[in-house]
Amino acid sequence: MSANEVRELIAVNSSPESARTAAIIGAGPNGLAAAITLAQRNFHVNVFEAQPQPGGAARTLDLTLPGFLHDFGSAVHPLAAGSPFFSSLPLQSHGLEWIHSPSPLAHPFDDGTAVTLERDLRDAESALAPDGDRWRTLLQPFAEHWPVLAAEILRPLNVFTRHPFLLARFGMTAFLPAKTLVHLFRSERTKALFAGLAAHSFLSLDEPLSAAFGIILAAAAHAVGWPIPRGGAQSITSALCAHLASLGGTIKISTRIEDFSAVENYNIILCDLTPHQLLRIARNRFPTRFARKLAKYRYGPGVFKVDYALHHPIPWKSADCVRAATVHLGGSLQEIAASEYDMRHGRHSERPFVLLSQPSLFDPTRAPAGKHIAWAYCHVPNSSTVDMLQALESQIERFAPGFRDCVLARRIFSPHALEEMDANLIGGDISGGAVDLRQFFFRPTWRHYATPIRNLYICSSSTPPGGGVHGMCGHNAAKKAGSSSR
């Protein structure tokens, strides 16, 4: 897009009452959240999206066969349903409808049984006997105070919290390695269940902070569930776009911003981009020290993902797996820990931990009548070129013999293919950067959202609180930018 075209947009959207303008580069959930936040503050907002469809990783596409609607990125959305910002918006009036599977999560074992994570804490206590009382003791404070907890943890760390006891309790467990915290439980089944939750961290389970992801996802399951949006993740994006339009904001698709000169006349610029992308389009505008920090930003492991069009539902050995939209395939704690350890050390596991979603069991709009969809992915080293299809499908077959026989079509996404579809997924990293201790506190730098350029901010998942469809990176960045522009 030329600078003249951008100036025309500014002119069209300006008014005598307020000439404050904001450009958002990228229409992923964080970019849209930033745009809405600023539009609520009477900014005239223009969003520029390189792809022909807004949403970033929150898009739903015909990836295999016509009529089979697949989520390009995440399909199950506990953090979207539990997001403090999204929860404040009238997204349901714009068509967003949440569907809850009977159980948020199932975790099968080789003996044909499965352990389930039940939404109701009392049901979870019963299902996880003999660890039910310990599970409830660990999760109940966080589930019961989810709105407070979510508001505290989905932002940069703040030592001046109004809820010190809740945050202290969370910190005492969250900063532990998952392999340490699981000693709380007696049953190997409960340990495996928690290991699968913690593996969402993309950390080795012996690393600090890996327990945090298990606690957050389990608490969210009990507080708000792990719902799927009817029609797919695009429904979240569509609702956000509709609400932004109601506030006067505009989105220009198929418009790649290659240089900040194209948006230099805006009062505020927020970038739903990762640090290396930001550095590229800044073109030597940053001071040397800041540019070096962005250049040193570390991306995390990638994923190898497969979307499936299916003749019929997955033939699980355990009927409990049919009750859950999400299934974790990894067997025991030891197997999951070994898989994630290999990934963190640049290796590919022969038995990778696999995350699988089967939304059409609960949302028939996602596939033709009688047919189904599923997606599955495993963690791999960043920018891996190894074909993991055989290993991934062997894990599914292990717990659902005959799975391959029900496959109509598949679409394989290597880390490189994912990045081609969404430039923010550097090397297949769906988290916006490594989530170790250093990048937990300084993400992407000590400035968090701000840069040395007064009106330029970063609002992607490379800022606090990190990955996930929750919009809080964009919301937090926009609040900072809006208050700084007064």
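Before any of the text, the structure's been laid out above.
Here goes a summary of the coordinates provided. Every chain begins its residue count from 1, and numbering advances along the sequence as written. Reporting in this predicted model follows two pLDDT cut-offs: at least 70 for local features of residues, and 80 or more for side-chain atom pairs to be given and counted; totals over whole chains, interfaces and linings ignore these cut-offs and use all residues. As a rule here, side-chain values come from all non-hydrogen atoms in the structure, and water together with hydrogens is ignored.

## Notes on the overall build of the protein chain
Along the backbone of the protein chain there are 19 helices and 16 strands. Restricting the calculation to C-alpha atoms gives the radius of gyration, and the globule rule supplies 2.2 Å times the number of residues raised to the power 0.38. What you see for the protein chain is a C-alpha radius of gyration of 22 Å, in line with the 23 Å of a compact globule of 486 residues. Every one of the 486 residues in the protein chain was classed for burial, and the buried ones make up 61%. For this analysis, residues touch if any pair of their heavy atoms sits within 4.5 Å. Taking the intrachain contacts of the protein chain between residues at least 6 apart in sequence as the baseline, contacts between residues at least 24 apart amount to 75%. For the area figures, the Shrake-Rupley method with a 1.4 Å probe applies, and any residue is considered shielded solely by the protein chains shown. Within the structure as shown, the protein chain displays about 18500 Å² of accessible surface, and the carbon and sulfur contribution to it stands at 54%. A run of H or I in DSSP becomes a helix once it reaches four residues, and a run of E becomes a strand once it reaches two; helices and strands are each numbered from the N terminus. Here's how the labels work: a residue is buried when its accessible area is under 20% of the maximum for its type, exposed when over 50%, partly exposed in between, all with a 1.4 Å probe on protein chains only.

## Quick word on the pattern of salt bridges
Salt bridges are counted wherever a side-chain nitrogen of Lys or Arg sits within 4 Å of a carboxyl oxygen of Asp or Glu. A full pass over the atoms with the stated rule returns 20 salt bridges. The shortest N-O distance in the salt bridge between Glu 188 and Lys 191 comes to 3.5 Å. In this pair, Glu 188 and Lys 191 are both assigned in helix 10 (residues 188–198), 3 residues apart and thus about one turn of the helix distant. What emerges from the salt-bridge pattern is a single network uniting Asp 110, Glu 335, Arg 351 and Arg 398.

## Let's talk about helix 16 (residues 389–399)
Counted residue by residue, helix 16 has 9 buried out of 11 residues, so it is predominantly covered. Turning to helix 16, its buried residues number three or more, namely Leu 389, Ala 391, Leu 392, Glu 393, Gln 395, Ile 396, Glu 397, Arg 398 and Phe 399.

## Things to note about the side chain of Asn 476
Note that Asn 476 resides in helix 19 (residues 472–484). Since its relative accessible area comes to 9%, Asn 476 is described here as buried. Beyond its immediate sequence surroundings of up to four residues, Asn 476 is in contact with Leu 154, Arg 155, Pro 156, Tyr 449, Pro 464 and Pro 465.

## Section: the nonpolar core
General note: in soluble globular proteins, nonpolar side chains tend to be found buried as a group. In terms of nonpolar packing, the biggest core is built from 106 residues, with Leu 38, Val 45, Phe 86, Trp 135, Trp 146, Phe 194 and Leu 270 touching the most fellow members. If you tally residues by element for this core, the top one is helix 11 (residues 210–223), at 9 residues. By nonpolar core is meant a set of buried Ala, Val, Leu, Ile, Met, Phe, Trp, Tyr and Cys residues that side-chain atoms within 4.5 Å join together. Counting residues in hydrophobic clusters, the runner-up holds 28 residues, among them Ala 106, Ala 374, Val 380 and Leu 392.

## Description of the sheet that holds strand 10 (residues 268–271)
A pair of strands is treated as paired once DSSP finds two or more bridges between them. Taken together, the 5 strands give an open sheet; going across it, the order is 9-2-1-10-16, and neighbouring strands pair in parallel fashion. For this open sheet the edge positions go to strand 9 (250–252) and strand 16 (456–458), each flanked by a neighbour on one side alone. In this sheet, neighbouring strand axes are inclined to one another by 20 degrees on average, regardless of whether the strands run parallel or antiparallel. Pairing analysis gives 4 bridges linking strand 1 (residues 21–25) to strand 10, with the strands arranged parallel. Following the sheet pairing, Ile 25 is matched in strand 10 by Cys 271. Most of the contacts of helix 19 go to strand 10, to which it runs at about 165 degrees, and overall it touches strand 10 and strand 16. Note on definitions: angles span 0 to 180 degrees between N-to-C directions of axes, and those axes are lines fitted to C-alpha atoms, for helices only across the stretch in contact.

## Regarding the packing of aromatic side chains
Pairs were defined over the aromatic rings of Phe, Tyr and Trp, the Trp ring being its six-membered one, requiring ring centres within 6.5 Å. Orientation was assigned from the angle between planes: stacked under 30 degrees, edge-to-face over 60, tilted for the rest. Following the criterion strictly, the structure yields 14 aromatic pairs and no others. Ring centres 6.5 Å apart and planes at 80 degrees place the aromatic pair Trp 135 and Phe 194 in the edge-to-face group. In this pair, Trp 135 is assigned in helix 6 (residues 132–144) and Phe 194 in helix 10, connecting sequence segments 59 residues apart. Accessibility expressed as a relative area gives 0% for Phe 194, which makes it buried. Considering the side-chain rings of Tyr 297 and Tyr 299, the 5.5 Å spacing of their centres and the 85 degrees angle between planes classify their relative orientation as edge-to-face. Taken as a pair, Tyr 297 and Tyr 299 share a single burial class, namely buried. A cation over an aromatic ring shows up here: Arg 59 above the ring of Phe 72, its NZ or CZ 5.1 Å from the ring centre. By the criterion adopted, a ring carries a charge over it if an Arg CZ or a Lys NZ lies within 6 Å of its centre and within 35 degrees of its normal.

## A few points about the sheet that holds strand 6 (residues 103–108)
Pairing in this open sheet of 7 strands is mixed, and the strands run 7-6-12-13-14-11-15 from one edge to the other. The two strands at the open ends of the sheet, each matched to only one other strand, are strand 7 (114–117) and strand 15 (407–413). Direction aside, neighbouring strands of the sheet carry axes that sit 20 degrees apart on average. Sheet topology places strand 6 next to strand 12 (residues 324–329); 3 bridges connect them, and they run parallel.

## Details of the packing of helix 6 against helix 11
In contact at an axis separation of 9 Å, helix 6 and helix 11 are set at 70 degrees when each is read in the N-to-C sense. Between helix 6 and helix 11, the interaxial angle falls into the category roughly perpendicular. Contacts from Trp 135, Leu 139, Phe 142 and Ala 143 of helix 6 reach helix 11 at Ile 215, Ala 218, Ala 219, His 222 and Ala 223. Considered class by class, the residues forming the contact of helix 6 with helix 11 number 8 nonpolar, 1 polar and no charged. Roughly parallel covers angles under 35 degrees, roughly antiparallel covers those over 145, roughly perpendicular covers 65 to 115, and oblique covers all other angles. Three residue categories are used. Nonpolar comprises Ala, Val, Leu, Ile, Met, Phe, Trp, Tyr, Cys and Pro, charged comprises Asp, Glu, Lys and Arg, and polar comprises the others, including Gly.

## Topic: helix 15 (residues 333–344)
Residue count minus one, scaled by 1.5 Å, sets the expected span of a helix. The terminal C-alpha atoms of helix 15 lie 16 Å apart, and with 12 residues this matches the ideal 16 Å at 1.5 Å per residue to within 8%. Its buried side turned inward, helix 15 meets strand 6, helix 9 (178–181), helix 10 and strand 14 (372–380). Count one or two residues on from helix 15 and you reach Gly 346, which has phi positive near 75 degrees.

## A word on a positive patch on the surface
By definition, no residue in a patch forms a salt bridge, and every one has over 30% relative accessible area; like charges are joined within 9 Å, nonpolar side chains (Val, Leu, Ile, Met, Phe, Trp, Tyr) within 5 Å. Counting rule applied: Lys, Arg positive; Asp, Glu negative; His and chain ends not counted. Charged side chains are reduced to one point each, which is NZ for Lys, CZ for Arg, CG for Asp and CD for Glu. Taken together, the side chains of Arg 289, Arg 292, Lys 293, Lys 296 and Arg 438 make up a positively charged region of the molecular surface. The element contributing the most residues to the positive patch is helix 14 (residues 288–295), with 3 residues. Here Arg 438 shows up in helix 18 (residues 437–441).

## Observations concerning a nonpolar patch on the surface
The grouping of Leu 157, Phe 175, Leu 437, Phe 440, Phe 441, Phe 442 and Trp 446 at the surface amounts to a nonpolar patch, some 690 Å² of accessible area in total. Among the secondary structure elements, Phe 440 is positioned in helix 18. The exposure class assigned to Phe 440 is partly exposed, which follows from its relative accessible area of 32%.

## Structural notes on the pairing of strand 11 (residues 302–310)
Regular strands show a simple pattern: their side chains alternate between the two faces of the sheet. Burial of strand 11 is extensive: 9 of the 9 residues sit out of reach of the surface. Of the two faces of strand 11, the one lined by Gly 302, Phe 304, Val 306, Tyr 308 and Leu 310 and the one lined by Val 303, Lys 305, Asp 307 and Ala 309 are each fully buried. In this structure, strand 11 lies alongside strand 14, joined through 9 bridges in antiparallel fashion. In the strand pairing of strand 14, Gly 302 is matched with Val 380. Sheet topology places strand 11 next to strand 15; 6 bridges connect them, and they run antiparallel. Among the inter-strand pairings, Lys 305 is bridged to a residue of strand 15, identified as Phe 413.

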